[in-house]
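Structural overview for review
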Amino acid sequence: MTGGSRAAGTRTGEWPTSLPGRLDEPEDGADIEGPVYWVRGYAPPVASGLARVSIRLNGRRIGLARIGCVRLDIAGITDHPHAAVCGFEFLALADDLPRDGGTVEITAEATGLDGSVHTIGRAHVSCSWEPRPYPPRQRRRAVPQGARRVLVVTHGLGIGGGSSFVIDLVQRLVRWHGFEVSVLSLGAAPRRGELESLDVEVVERLGLPLDDPGAFGSAIDELASWVAARGMGVVLANTLAAFPGVDLAEKAGLPSIWAIHESQGPDGFWEVAYAPGQIHPAVRSLARRYVAEAHALVFAAEATRRLFEREARGRTHVIPYGVDSDALRAAAPGRAEARRRLGVDSDALGLCLGLLEPRKGQTILAQAFTHVVPSDPGLGLALVGEWGPDPYREGLGLYLRRSGLDRHVAIIPITSQPIDWLVASDLLVSASDVESMPFVLLEAMAVGTPVLATRVFGVPELIEEGVTGYLSDPCDVASLRDAIVRARAASEHERRKMTDAAEAWIRTRHDPRTSTAAYASLLHAMLAESG
């Protein structure tokens, strides 16, 4: 991860004319049978470099596709650097499609860095899907009088923003507000000790049978009996993947609060979060209905709340994340010490901190970096978030090697202690195309690290361009490149003014006592209802 004199992005092979780009999905003549559908394919590099891929419906742009998707099949045909990450994908809603049996034209267009536009492919599709209303269910059990205990149902207690959020929240509810809490983890819970040290009961219930409606219902019934025996008074479900917690609350006759961090509507989430066959359509339908049945839905950003307002019908709340700035500052080493520990030797360091996965945009960040490094050769980039071998990691690594970026960019294993990286870095970059309110941005702002992020969902509520950080458009190499250049061109005085403003905003808007008190107030209201 050192600067180098050789320009990044030098071609090791020419792009063959036999690969003009292709729209793989949907096929021409396809019938859309569900609430969402994928638009996928691959784009050629374009002479000036690929900037973005637009998806159009009868000529009207409906969105930008995620680019930088790994295509190892194309990389096996040509050793051009772009081949490894030439794929694109877009999750479209069937709401825009006609229901009268007519067809529409879907077009994918590639735009180059020079503004030139190239049609990748077209497909004509029809739609037979019809949305169905979900009637409310009747509760099956009365709530025990005087039940005061809170049951938190979470997707897991591991590394990641959702886990860190719920661990921090439970700790604060216990310490500051005196709640009695039990935690039911539907996934692995390697961090359970952080809660058990406060006498919080943690129970793992792995492997709910989501692919079998009957077995799933029986499992929830069993858990409902367990809940009743423990005198629970309210259920707090954490993340969309914890939807069984809302079902559990309904069957136990308890009010429920659902903390939703994901910035995808229900239909989109089920499509991307579960592999084909992993969740039965009937269970998926139930999960969608839970949005309309939870007593309260809580979001970290107004933009995410709006995604669910139609189904939630006024039962939504926005409670910003709380960050303990003083604790982060106390735990942070000095910049020189952090760089020494991590072995950072580049003149300046960019940082992307998050699991290596398509929605985090590490490949598009690498593509943008290709166009930055030639004029800024002392800049390094750390992609911290490797969690194991997978096609995305393989494709990213192949692109770095073929483009020569591996001299400037390092892929680093995921860490549960990111503070050293935040302090050692000159710029934290979030290139995600799907995020609600990335927790790492708040932490970086709290410790004085400049931030750059894509304008997705709640991020513009956190970052004001040129005031508390930098913004770029999602899924757009040119916009991300230009934002990095703006950030690097700022003077020391401008950077200090910006980081001071960012830290002040975090202390004002994201005070942990304020956010915890808001959750405590909701829980007290639900307990009063159940009691």
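Whatever comes next refers back to the structure up there.
Within each chain, residue numbers correspond to sequence positions counted from 1 in written order. With pLDDT at 70 or above as the cut-off, local features in this predicted model cover only qualifying residues; side-chain atom pairs require 80 or more to be listed or tallied, and sums for whole chains, interfaces and linings still use all residues. Here the side-chain values reflect all heavy atoms present in the structure, with hydrogen atoms and water set aside.

With respect to the overall build of the protein
Basically, it comes down to this: In this description a helix means any DSSP run of H or I spanning at least four residues, a strand means any run of E spanning at least two, and both kinds are numbered starting from the N terminus. Note on method: radius of gyration uses C-alpha positions; expected globular size equals 2.2 Å times residues raised to 0.38. Buried residues are those whose accessible area, probed at 1.4 Å on protein chains only, stays under 20% of the maximum for their type, while exposed residues exceed 50% and partly exposed ones sit between those limits. Contacts: residue pairs with any heavy atoms within 4.5 Å of one another. Using the Shrake-Rupley algorithm and a 1.4 Å probe, accessible areas are obtained, with residue cover drawn only from the displayed protein chains. By the counting rule applied here, Lys and Arg register as positive and Asp and Glu as negative, while His and the ends of each chain are not counted. Here the site of a charge means atom NZ of a Lys, CZ of an Arg, CG of an Asp or CD of a Glu.
Regarding its fold elements, the protein presents 18 helices and 22 strands. Computed over the C-alpha atoms, the radius of gyration of the protein is 24 Å, within 12% of the 24 Å expected from 2.2 N^0.38 for a compact globule of 531 residues. Counting every position in the protein, which comprises 531 residues, the buried fraction comes to 58%. In the protein, the proportion of contacts linking residues at least 24 apart, taken out of those at least 6 apart, comes to 70%. A total accessible area of about 21,200 Å² is found for the protein, and carbon and sulfur atoms account for 50% of it. The protein carries 55 positive and 65 negative side-chain charges, and their two centres are separated by 2 Å.

Examining the pattern of salt bridges
So the rule is basically this: One side-chain nitrogen of Lys or Arg within 4 Å of one carboxyl oxygen of Asp or Glu is enough to make a salt bridge.
Applying the stated rule across the entire model yields 38 salt bridges. Here Glu 201 ties to Arg 230 by a salt bridge, and the two come within 2.9 Å at their closest N and O atoms. Residue Glu 201 is located in strand E12 (residues 201–204), and its partner Arg 230 is located in the loop between helix H4 (213–229) and strand E13 (232–238); the two are separated by 29 residues in the primary sequence. One salt bridge connects Asp 473 with Arg 455, and the closest N-O pair in it is separated by 2.9 Å.

Quick notes on empty space enclosed by the protein
In plain terms, the rule: Within this scheme a cavity is a closed region of a 1 Å grid, computed over the protein atoms alone, that accommodates a 1.4 Å probe without allowing it to escape, whereas a pocket is open but has protein on both sides within 12 Å along at least five of seven lines; lining residues each have an atom within 4 Å of a point. Grid points are joined across faces, edges and corners, and a volume is the space filled by probe spheres set on the points. Each residue gets one of three labels, nonpolar for Ala, Val, Leu, Ile, Met, Phe, Trp, Tyr, Cys and Pro, charged for Asp, Glu, Lys and Arg, and polar for the others, Gly among them.
Under the defined criterion, the tally for this structure stands at five cavities of 30 Å³ or more. Taken together, Phe 165, Asp 168, Leu 169, Arg 172, Ile 319, Pro 320, Tyr 321, Gly 322, Phe 439, Ser 515, Thr 516 and Tyr 519 make up the lining of the largest cavity. For the lining of the largest cavity, the secondary structure elements donating two or more residues are helix H2 (161–177) and helix H18 (512–530). For the lining of the largest cavity, the element with the highest residue contribution is H2, accounting for four residues. Per-class residue counts for the lining of the largest cavity are seven nonpolar, three polar and two charged. Empty space within the second largest cavity amounts to approximately 60 Å³. Gly 350, Leu 365, Phe 369, Leu 379, Leu 381, Leu 427, Val 429, Ile 484 and Arg 488 are the residues that line the second largest cavity. If you list the elements that add at least two residues to the lining of the second largest cavity, you get helix H11 (362–370), strand E18 (379–386), strand E20 (427–430) and helix H16 (477–489). Per-class residue counts for the lining of the second largest cavity are seven nonpolar, one polar and one charged.

Examining the packing of helix H6 (residues 266–273) against helix H7 (residues 281–293)
Using the following cut-off: Every axis corresponds to a line fitted to the C-alpha atoms, with the helix fit spanning only the stretch in contact, and the corresponding angles, defined between N-to-C directions, vary from 0 to 180 degrees. Oblique is the label for any angle not covered by the other classes, which are roughly parallel (under 35 degrees), roughly antiparallel (over 145) and roughly perpendicular (65 to 115). For any pair of crossing helices, the crossing counts as left-handed if the nearer helix is rotated counterclockwise from the farther one by less than a right angle, and right-handed if it is rotated clockwise.
Where H6 meets H7, the closest approach of the two axes is 10 Å, and the angle between their N-to-C directions is 140°. One finds that H6 runs oblique with respect to H7. Like other packed secondary-structure pairs, H6 and H7 cross with a definite hand, here right-handed. Between H6 and H7, the residues in contact are Pro 266, Asp 267, Trp 270 and Glu 271 and Arg 284, Ala 287, Arg 288 and Val 291, respectively. Taken together, the residues of the contact of H6 with H7 break down into four nonpolar, no polar and four charged.

Remarks on the layout of surface pockets
Approximately 500 Å³ is the volume attributed to the second largest pocket. The wall of the second largest pocket is formed by 21 residues, among which Ser 425, Gly 448, Thr 449, Pro 450 and Thr 499 lie closest to the centre. Counting residues per element, the ones that place at least two in the lining of the second largest pocket are helix H13 (419–424), H16 and helix H17 (492–509). At six residues, the largest contribution of residues to the lining of the second largest pocket is made by H17. Tallied by class, the residues present in the lining of the second largest pocket amount to eight nonpolar, four polar and nine charged.

What to know about the sheet that holds strand E15 (residues 296–299)
We apply this condition: A pair of strands is considered paired only if DSSP assigns at least 2 bridges between the two.
Judged by pairing direction, the sheet is parallel, and its seven strands sit side by side in the order E12-E11-E10-E13-E14-E15-E16 without closing on themselves. Bordering the open sheet on either side are E12 and strand E16 (316–318), each of which pairs with just one other strand. On average, each strand axis in the sheet is inclined to that of its neighbour by 20°, with strand direction left out of account. Taken strand by strand, helix H5 (residues 244–252) contacts strand E10 (149–154), strand E11 (181–185), E13 and strand E14 (256–260), and its axis lies near 175° from that of E14.

Thoughts on the environment of Thr 316
Structurally, Thr 316 can be placed in strand E16. Residue class for Thr 316 comes out buried when judged on its relative accessible area of 13%. Taking C-alpha positions, Thr 316 is 8.9 Å from His 295, a pair spaced 21 residues apart along the chain. Beyond its immediate chain neighbours, meaning those up to four positions away, Thr 316 contacts Leu 297, Phe 299, Arg 305 and Glu 309.

Keep in mind these values describe shape, not function.
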